[in-house]
Amino acid sequence: MIARVLDRFSAREQVLLLAATALLAAAGFYTLVAEPLIQDRARLREAVAREAAVGAWLQDQSAAFTALGRVPAGVQPAAALPEAPRDVPALETRLREAGLDQALTRLAPQGAGAVDLSFEAVSYVALTEWMLREGLAHRLTSLNMQATDAPDRVDARLTVSLAAVP
């Protein structure tokens, strides 16, 4: 059928039609296949660079935290850890005393003696020191930290169990 249609055209027109078809096929391939792959690759390179920057920032923060001399040498047994506050008002008081209440955006009691806390632009070092000092680090049931553009600042969401540890 295509041969019959092509027979209507002169040899010069057939060559031009074939060239136009090849050009359209190449343009379609580039638009539908190659360009999306190129864009995905560029996005992945940007993501890798972003994650590398976050990793470098975390290493800097880790070095700064270690330089403070407050990182425990090893994991302490539960009996040696400080007592966590047993209720939400006590937790709020301790947050205020630590100066973390300004960055606190959400404090919501959950069932079974747990509390959800959300912070915006909180000092990573201050938050970590506070969790260690209050004995909350080993009571975390959920932790999510996202680096911000500011140095030593993270957005953090955590769930802490205030129930007694057996």
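Provided above is the structure to which this section pertains.
This structure is a prediction, so every number in the text was calculated from the model and none was measured.

Peer 1: Describe the overall build of the protein, with residues and values.
Peer 2: Secondary structure summary: the protein contains four helices and four strands in total. Secondary structure elements of the protein, listed N to C terminal, follow the sequence α-α-α-β-β-α-β-β. Of all 166 residues assigned to the protein, the portion counted as buried reaches 23%. Within the protein, contacts between residues at least 6 apart in sequence are counted, and of these 57% link residues at least 24 apart. Surface summary for the protein: the accessible area is close to 11300 Å², and the carbon and sulfur share equals 60%.

Peer 1: Could you give an account of the pattern of salt bridges, naming the residues involved and the relevant values?
Peer 2: Opposite charge on two side chains allows them to pair when their charged atoms are near. One pass over the full model with this rule turns up three salt bridges. Notably, a salt bridge pairs E134 with R94, separated by 2.9 Å at the nearest N-O pair. Residue E134 is found in helix 4 (residues 124–134), and its partner R94 is found in helix 3 (residues 88–98); the two are separated by 40 residues along the sequence. Residue E134 is classed as buried on the basis of its relative accessible area of 10%. Judged by relative accessible area, which is 28%, R94 ranks as partly exposed.

Peer 1: Now, about the environment of D155: what can you tell me, with residues and values included?
Peer 2: Along the chain, D155 falls in strand 4 (residues 153–161). The exposure class assigned to D155 is partly exposed, which follows from its relative accessible area of 23%. Distance from D155 to M145, taken between C-alpha atoms, is 5.6 Å for residues 10 residues apart in sequence. Discounting chain neighbours no more than four positions away, the residues touching D155 are F119, E120, A121, N144, M145, Q146 and T148. In this structure the side chain of D155 is engaged in a polar contact, spanning 2.8 Å, whose partner is the backbone nitrogen of A121.

Peer 1: Describe helix 4, listing the residues and the values that go with them.
Peer 2: The buried fraction of helix 4 amounts to eight of the 11 residues, a majority that puts the element mostly inside the structure. For helix 4, the set of buried residues is Y124, V125, L127, T128, E129, W130, M131 and E134. G135 sits one or two residues past helix 4 and shows a positive phi near 75°.

Peer 1: Lay out the pairing of strand 3 (residues 140–147) with the relevant residues and their values.
Peer 2: Alignment of strand 3 against strand 4, held across seven bridges, turns out to be antiparallel. From the neighbouring strand, S142 faces strand 4, where its bridge partner is T159. Hairpin connection, strand 3 to strand 4: the antiparallel pair is bridged by five residues, and D152 has positive phi, about 60°.

Peer 1: If you had to explain the environment of F119 to someone new, which residues and values would you point to?
Peer 2: Positionally, F119 belongs in strand 2 (residues 114–123). Placed 13 residues apart in sequence, F119 and R106 show a C-alpha to C-alpha distance of 7.1 Å. Excluding residues within four positions of it along the chain, F119 makes contact with L95, L100, A103, L104, T105, L127, V154, D155, A156 and L158.

Peer 1: Hey, could you go over a nonpolar patch on the surface for me, with residue numbers and the actual values?
Peer 2: A grouping of M1, V5, F9 and L17 is seen on the molecular surface, where their side chains present a nonpolar patch of about 400 Å² in accessible area. Relative to the helices and strands, M1 resides in the segment before helix 1 (2–7).

Peer 1: Lay out the nonpolar core in plain terms, naming residues and giving numbers.
Peer 2: Judged by nonpolar contacts, the single largest core of 22 residues is most densely connected at L91, L95, L117, F119, L127, W130 and L158. Among the elements of the structure, helix 3, strand 2, helix 4 and strand 4 are those that each provide at least two residues to this core. Among the elements that line this core, the one with the most residues is helix 4, at five residues. Once residues within four sequence positions are removed from consideration, W130 is found in contact with L91, R94, L95, A98, L100 and L136.

Definitions and limits used
- Residues numbered from 1 in each chain as written.
- Predicted model: local features only at pLDDT ≥ 70, side-chain atom pairs only at ≥ 80, totals over all residues.
- Heavy atoms only, no water.
- Helix = DSSP H or I, 4+ residues; strand = E, 2+ residues; numbered from the N terminus.
- Buried < 20%, exposed > 50% of the residue type's maximum accessible area, 1.4 Å probe, protein only.
- Contact = heavy atoms within 4.5 Å.
- Areas by Shrake-Rupley, 256 points an atom, 1.4 Å probe, with all protein chains shown as cover.
- Salt bridge = Lys/Arg side-chain N within 4 Å of Asp/Glu carboxyl O.
- Polar contact = N/O pair within 3.5 Å; in protein donor to acceptor, adjacent residues only side chain to side chain.
- Pairing = 2+ DSSP bridges.
- Patch = residues over 30% accessible without salt bridge, like charges linked within 9 Å, V, L, I, M, F, W, Y side chains within 5 Å.
- Core = buried A, V, L, I, M, F, W, Y, C linked by side-chain atoms within 4.5 Å.

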